[in-house]
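# Structural overview for review
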Amino acid sequence: MIKKKLAVIGKDVSKSTSPQIHKFIASRLNLDVEYDRISVPENEFEGRIDALIAAYDGVNVTIPYKLSVIPHLENIVGDAKIFGAVNTVNCKTLTGDNTDGLGFMLMLKNNGVEVCGKKVLLLGAGGAGRSVAKKLLDAGARVFVYDKNTDNALSLENEFKGVSSLKDIEDKPYHLIVNATGVGMHKAEGISPVGEKLLSLCEVAVDLIYVPEKSEFLSIAEKQNKKIINGKAMLFYQAYYADCIFFGLTPDEKQAKKLFTEFNEV
């Protein structure tokens, strides 16, 4: 059995459950992996990333390096080419791909959330936000995006026809609100990117954050009797798709759902 040396790289992955997820998937699919967490401060990223990539068979890239890793790769394929953001790197071929969008849409599907023809407010136009925006558009949603960096939101609007950037967040009704900002985790734990009034006007609130399990954003929405979904399923599914890339396997949605169910029972 071929053993793969894998890792997740981000600014702070100290609480990441990626090692547990990838090891669980590997055990169920008879794969052999070693999986590390590597936290890299932003001022050290450029000086360290090439050596880190060279030391592994594959890496998963998370906040805030999904865009900044691209110049260090030779090939950008699949959804990464469309999104302009990478979360999965085959280190041996220096190839970047992106499984965030696939993971996000499978999470919505398995939670019974339909977005075709619906208005969606996307908070955050970074790497994950870009992936989510394009997949929502492809599924027929009307996507409105807000980012505290207005240029990021405008860039997304210019790149993906159908996305509307917002300069400010107004209390208007949306079917779905997605938090892709990272606000609510680590030092921002206990903070919501939007308030009670706006969340009272939506039907579904999705937070890509999975630690804490129920962010302030989701807590507020739940008190308003809204359907809430945290990012745990997306994290699991994007990891499943990434492992399929690392090991050259054909993804299977039913298999992914079964594995996630089993993972939650462990």
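Presented here is an overview of the structure given in this document.

The helix and strand inventory of the protein stands at 10 helices and 12 strands. Over its C-alpha atoms the protein spans a radius of gyration of 18 Å, differing by no more than 12% from the 18 Å that the globule rule assigns to 266 residues. Viewed in the frame of its principal axes, the protein has a C-alpha envelope of about 55 × 40 × 35 Å. Counting the 266 residues in the protein, one finds 50% classified as buried. Partitioning the contacts of the protein with sequence separation of at least 6, the portion at a separation of at least 24 is 63%. Accessible area for the protein stands at about 12300 Å²; split by element, carbon and sulfur atoms hold 48% of it.

This paragraph deals with the nonpolar core. Grouped together as the largest cluster of nonpolar side chains are 55 residues, with contacts concentrated most on Phe-104, Leu-136 and Val-206. Per-element tally for this core: the top contributor is helix α9 (residues 232-247), with 12 residues. Not counting residues within four places of it along the chain, the set of residues in contact with Phe-104 comprises Val-132, Leu-136, Val-178, Val-206, Leu-208 and Met-234. Residues Phe-45, Val-61, Ala-80 and Val-86 belong to the second largest nonpolar core, which totals 18 residues.

Orientation of helix α5 (residues 127-138) relative to helix α6 (residues 150-159), taken along the N-to-C sense of each, is 30 degrees, at an axis distance of 11 Å. Considered as vectors, α5 and α6 are oriented roughly parallel to each other. Crossing angle aside, the handedness with which α5 passes α6 is right-handed. From α5, Gly-129, Arg-130 and Ala-133 reach across to α6, where they touch Ser-155, Leu-156 and Glu-159. Split by residue class, the contact of α5 with α6 holds two nonpolar, two polar and two charged.

Taken together, six strands build an open sheet; the order of strands is β2-β1-β3-β5-β6-β4 and the sheet is mixed. Strands with a single pairing partner mark the edges of an open sheet, and in this sheet they are β2 (32-39) and β4 (75-76). As paired elements, strand β1 (residues 3-10) and β2 share eight bridges and run parallel to each other. By the bridge assignment for β2, Leu-6 is matched with Tyr-35. Across the sheet, helix α1 (residues 18-28) lies against β1, β2 and β3 (58-61), angled at about 170 degrees from β2, the strand it touches most.

Below, the discussion takes up the environment of Phe-217. Secondary-structure assignment places Phe-217 in helix α8 (residues 216-223). Counting along the chain gives 23 residues from Phe-217 to Val-194, while the straight-line C-alpha distance between them is 7.2 Å. Residues within four places of Phe-217 in sequence aside, it is in contact with Leu-123, Ile-177, Asn-179, Ser-192, Pro-193, Val-194, Leu-199, Ala-205, Val-206 and Asp-207.

All right, on to unusual backbone geometry then. Between Ile-63 and Pro-64 the backbone carries a cis peptide bond, its omega angle lying at 5 degrees. Examined against the element boundaries, Pro-64 turns out to sit in the loop between β3 and β4. With an omega dihedral of 5 degrees, the bond running from Val-211 to Pro-212 counts as a cis peptide bond. On the secondary structure map, Pro-212 appears in the loop between β11 (204-207) and α8. Phi is positive for Asn-30, close to 60 degrees, though the residue is something other than glycine. Relative to the assigned elements, Asn-30 resides in the loop between α1 and β2. Residue classification places Asn-30 among the exposed residues on the basis of a relative accessible area of 60%. With a phi angle near 50 degrees, Leu-94 is a residue other than glycine that sits in the positive phi range. Secondary-structure assignment places Leu-94 in the loop between β5 (88-90) and β6 (95-97). Judged by its relative accessible area of 23%, Leu-94 is partly exposed.

A few words now on the pairing of strand β7 (residues 119-123). Of all five residues that make up β7, four are buried, and the element is covered over most of its length. Note that β7 and strand β8 (residues 142-146) share five bridges and pair parallel. Counted as the bridge partner of Leu-121 is Phe-144 from β8. Since β7 and β8 lie parallel, the crossover through α5 that links them has a hand, and here it is right-handed. As paired elements, β7 and strand β10 (residues 176-179) share four bridges and run parallel to each other. Note on β10: the bridge partner recorded for Leu-122 is Val-178.

The rules we used
- Residues numbered from 1 in each chain as written.
- Predicted model: local features only at pLDDT ≥ 70, side-chain atom pairs only at ≥ 80, totals over all residues.
- Heavy atoms only, no water.
- Helix = DSSP H or I, 4+ residues; strand = E, 2+ residues; numbered from the N terminus.
- Rg over C-alpha atoms; globule rule 2.2 N^0.38 Å.
- Buried < 20%, exposed > 50% of the residue type's maximum accessible area, 1.4 Å probe, protein only.
- Contact = heavy atoms within 4.5 Å.
- Areas by Shrake-Rupley, 256 points an atom, 1.4 Å probe, with all protein chains shown as cover.
- Core = buried A, V, L, I, M, F, W, Y, C linked by side-chain atoms within 4.5 Å.
- Axes fitted to C-alpha atoms, helices over the stretch in contact; angles between N-to-C directions.
- Parallel < 35°, antiparallel > 145°, perpendicular 65-115°, else oblique.
- Left-handed = near helix turned anticlockwise from the far one by under 90°.
- Nonpolar A, V, L, I, M, F, W, Y, C, P; charged D, E, K, R; others polar.
- Pairing = 2+ DSSP bridges.
- Right-handed = clockwise from strand over helix to strand, strands pointing away.

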